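Commentary on secondary and tertiary structure
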Amino acid sequence: MIRGLRSLWKELYEYFTYDHYGKRKPRPAFYGVVLTLLVAAGMFAAAGLLALRAPRGEGPAPTLPPPTKTAIFATVTAQAARPTNTPAPLCPEDPALWKLMEVKPFLDPKTGKPVQLPKPVYRIDPPCVYQGFWKDMADALFATYTREDVPPKVDKQIEVPWYWEPGPEISRKTIGIYLALKDYLFYDREGRKIDEVLTPYTVLPTGDPDYPVVVYLYRDSPGAAYAVQWGDTKGDVFSGRIREIWPLRLSGGTVLRRVIPVLYHAGVRRWFLADGKGMTRRIHVVNADGSGLWGVFGVPGTTRSELAKAFGKKDFFPETVDLRSYTLNEPISFGP
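Small disclaimer: the values here were computed from a predicted structure and weren't measured. (Residues numbered from 1 in each chain as written. Predicted model: local features only at pLDDT ≥ 70, side-chain atom pairs only at ≥ 80, totals over all residues. Heavy atoms only, no water.)

**Points about the overall build of the protein chain**
Put simply, the rule reads: Helix numbering and strand numbering both begin at the N terminus, where a helix is a DSSP run of H or I of at least 4 residues and a strand a DSSP run of E of at least 2. Exposed residues in this analysis have more than 50% of their type's maximum accessible area, buried residues have under 20%, and partly exposed residues fall in between, with area computed by a 1.4 Å probe over protein chains only. Residues are treated as being in contact if the distance between any of their heavy atoms lies within 4.5 Å. To be clear on the numbers: accessible area is Shrake-Rupley with a 1.4 Å probe, and residue cover counts the displayed protein chains and nothing else.
A count of helical and extended segments in the protein chain gives six helices and 18 strands. Put simply, the protein chain has 336 residues, and 35% of those count as buried. Considering only intrachain contacts with a sequence separation of at least 6, the fraction spanning at least 24 residues in the protein chain is 71%. Looking at the protein chain as shown, the accessible area adds up to about 20600 Å², and 57% of this sits on carbon and sulfur atoms.

**Remarks on the nonpolar core**
As a rule of thumb, soluble globular proteins bury nonpolar side chains together. Condition: Residue types Ala, Val, Leu, Ile, Met, Phe, Trp, Tyr and Cys, when buried and joined through side-chain atoms within 4.5 Å, form a set referred to as a nonpolar core.
Ranked by size, the top nonpolar core spans 46 residues in total, and within it Met137, Leu263 and Trp271 carry the most contacts. Look past the residues within four positions of tryptophan 271 in its chain and what remains in contact with it is Trp98, Ile124, Val129, Gly132, Phe133, Asp136, Met137, Val213, Val215, Val262, Leu263 and Tyr264. In terms of nonpolar packing, the next biggest core, distinct from the first, is built from eleven residues, Tyr187, Val228, Val321 and Leu323 among them.

**Side note on helix H4 (residues 129-141)**
Put simply, the rule is: For a helix, the expected span equals 1.5 Å multiplied by the residue count minus one.
Spanning 13 residues, H4 covers 18 Å between terminal C-alpha atoms, matching the ideal 18 Å at 1.5 Å per step. Among the 13 residues in H4, ten count as buried, and that is most of the element. Those residues of H4 not exposed but buried are Val129, Tyr130, Phe133, Trp134, Asp136, Met137, Ala138, Asp139, Ala140 and Leu141. Looking at the residues trailing H4, positive phi occurs at alanine 143, about 50 degrees.

**Thoughts on the layout of surface pockets**
Gaps left between atoms show up when a probe the size of a water molecule is rolled over them. Defined as follows: Only protein atoms enter the 1 Å grid used here, on which a cavity is any set of points holding a 1.4 Å probe that cannot leave and a pocket is any open set flanked by protein within 12 Å on both sides along at least five of seven lines; residues with an atom within 4 Å of a point are listed as lining. Grid points are joined across faces, edges and corners, and a volume is the space filled by probe spheres set on the points. Gly counts as polar in this scheme, as do all residues outside two lists: the nonpolar Ala, Val, Leu, Ile, Met, Phe, Trp, Tyr, Cys and Pro, and the charged Asp, Glu, Lys and Arg.
One number sums up the size of the largest pocket: a volume of about 790 Å³. Lining the largest pocket we find 28 residues, and of these Leu117, Tyr201, Tyr218, Arg257 and Leu293 sit closest to its centre. Broken down by secondary-structure element, the contributors of at least two residues to the lining of the largest pocket are strand S16 (283-286) and helix H5 (293-297). Among the elements that line the lining of the largest pocket, the one with the most residues is S16, at three residues. Taken together, the residues that form the lining of the largest pocket break down as 15 nonpolar, six polar and seven charged.

**Points about the side chain of aspartate 315**
Which entries qualify depends on this criterion: Polar contacts, as counted here, are pairs of nitrogen or oxygen atoms within 3.5 Å of one another; within protein the pair requires one atom able to donate a hydrogen and one able to accept it, and residues that are adjacent in sequence qualify only if both atoms are side-chain atoms.
Considering the arrangement of structural elements, one finds aspartate 315 in the loop between helix H6 (304-310) and strand S18 (332-334). Polar side-chain contacts of aspartate 315 include one of 2.9 Å to the side chain of lysine 193. Sequence-distant contacts of aspartate 315, that is, excluding residues within four places in its chain, are made with Phe142, Leu185, Lys193 and Arg304.

**Brief notes about the side chain of threonine 199**
In this structure, threonine 199 sits in strand S10 (residues 197-205). According to the relative accessible area criterion, threonine 199 is buried, its value standing at 1%. At 3.4 Å, the side chain of threonine 199 and the backbone oxygen of glycine 290 are in polar contact. A polar atom in the side chain of threonine 199 sits 2.9 Å from the side chain of tryptophan 294. Apart from the residues lying within four places of it in its own chain, the contact partners of threonine 199 are Tyr216, Leu217, Tyr218, Gly290, Ser291, Leu293 and Trp294.

**Let's talk about the packing of aromatic side chains**
Quick reminder of the rule: Any two of the Phe, Tyr and Trp rings considered here, Trp counted by its six-membered ring, make a pair once their centres fall within 6.5 Å; the pair's planes then place it as stacked at under 30 degrees, edge-to-face at over 60, or tilted in between. Definition used: whenever NZ (Lys) or CZ (Arg) falls within 6 Å of the ring centre and also within 35 degrees of the ring normal, the charge is taken to sit over that ring.
For the coordinates displayed, the defined rule picks out 17 aromatic pairs. Taking the centre distance of 6.0 Å and the plane angle of 15 degrees together, the rings of tryptophan 98 and tryptophan 271 count as stacked. Placement of the pair is tryptophan 98 in the loop between helix H3 (69-81) and strand S3 (99-102) and tryptophan 271 in strand S15 (residues 270-275), with a sequence separation of 173 residues. No difference in accessibility class separates tryptophan 98 from tryptophan 271, as the two residues are buried. A ring pair is formed by phenylalanine 316 and phenylalanine 317, whose centres lie 5.1 Å apart and whose planes are at 35 degrees; its orientation type is tilted. Accessibility expressed as a relative area gives 2% for phenylalanine 317, which makes it buried. Sitting over the face of the ring of tyrosine 218, arginine 257 holds its NZ or CZ atom 3.8 Å from the ring centroid.

**A word on the state of the cysteines**
Cysteine pairs can be covalently joined through their sulfur atoms, and such a bond is termed a disulfide. What counts, and what does not: Disulfides are defined as pairs of cysteine sulfur atoms found within 2.5 Å of each other.
If you walk through the whole model with that rule in mind, you get one disulfide. A sulfur-sulfur distance of 2.1 Å marks the disulfide that ties cysteine 91 to cysteine 128. On the S-S bond that ties cysteine 91 to cysteine 128, the torsion sits near 90 degrees, and the link is right-handed. With cysteine 91 in the loop between H3 and S3 and cysteine 128 in the loop between strand S6 (122-125) and H4, the pair connects residues that are 37 residues apart, well separated along the chain. Cysteine 91 gets classed as partly exposed once you look at its relative accessible area, which sits at 30%. On the basis of relative accessible area, cysteine 128 is assigned to the partly exposed category, the value being 24%.

**Regarding the pattern of salt bridges**
Side-chain pairs of opposite charge can arise where the charged atoms are in close proximity. Short version of the rule: For this document, the term salt bridge refers to a Lys or Arg side-chain nitrogen within 4 Å of an Asp or Glu carboxyl oxygen.
Taken as a whole, this structure holds 17 salt bridges when the rule is applied. For lysine 135, the salt bridge goes to aspartate 139, with nearest N and O atoms at 3.8 Å. With a gap of four residues between them, lysine 135 and aspartate 139 both fall in helix H4, about one helical turn apart. Looking at aspartate 139, the relative accessible area reads 9%, which means it is buried. For the salt bridge of lysine 193 with aspartate 315, the shortest nitrogen-to-oxygen distance reads 2.9 Å. One end of the pair, lysine 193, is in the loop between strand S9 (184-187) and S10; the other, aspartate 315, is in the loop between H6 and S18, and 122 residues separate them in sequence. According to the relative accessible area criterion, lysine 193 is buried, its value standing at 18%. Where salt bridges share partners, they join Lys193, Glu196, Arg219, Arg258, Arg304, Asp315 and Glu319 into one cluster.

Put into structure tokens, the structure is as follows:
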């Protein structure tokens, strides 16, 4: 029997090793067997530990079957194939979960030189928040509220930071909330509707518990020559027509810019347009629209027509206006 064991040991030794210049070297199969034995020993040890820790009076802890070579490699393969990134969560609607990230100095796309802004500009992180922003803007700008769908609002005035006064100081102004059930747009000299360029410029905290965040939206109208007012008909804000038209005189540039505060209601989780009436440079003239900021700020912008297309809206403003059919008001002048 001893001779048989020696013969078996010799055969195993020669099977798991090979001759290498007079010395025996382990074959790859040797390492596979050792790894299998170590894994099996670890599993049995874990099962024994669970059995020792099992409370008395209960059944014995379940034991694991002895692993096979196929089972071991299947486990290793499954662990290697497991994705390292977990699926992204839904976009948070609670503003307490947002971060306001400062937009660092960037390069001027025309000159290639660094641009130092007089007042810091911020954007929302995660960027997916802007998807909800644009959805609510589409509802507001194209007046798609129905009598049953008018969102609630807080009947109060809100103090917000205001960037558009000269100098580095940031003043605070009081504004109110309104529903955009009527609006005005700008037309060129031929009476054609101008496709507004919409750019979220910055986002700032307000300190108000109901409306904690404000986004300032640029509504730019290149070549604006007439302001066309859309109003209600017989007191019904859900149907309307063109009510008044004003000729415009621009100085210091060719683009008329409206700075629109848009406030987020933390309770109903919705963005609301605010009335910035009376604020310094709420409407002013610039040399270029805000589309050049879309890339450098890292915040998506759009145009009025593209916003309507993205959310399946129909613009109630006509594409053209016959200026001869209306009695024009006195001209309005705007500067930088």
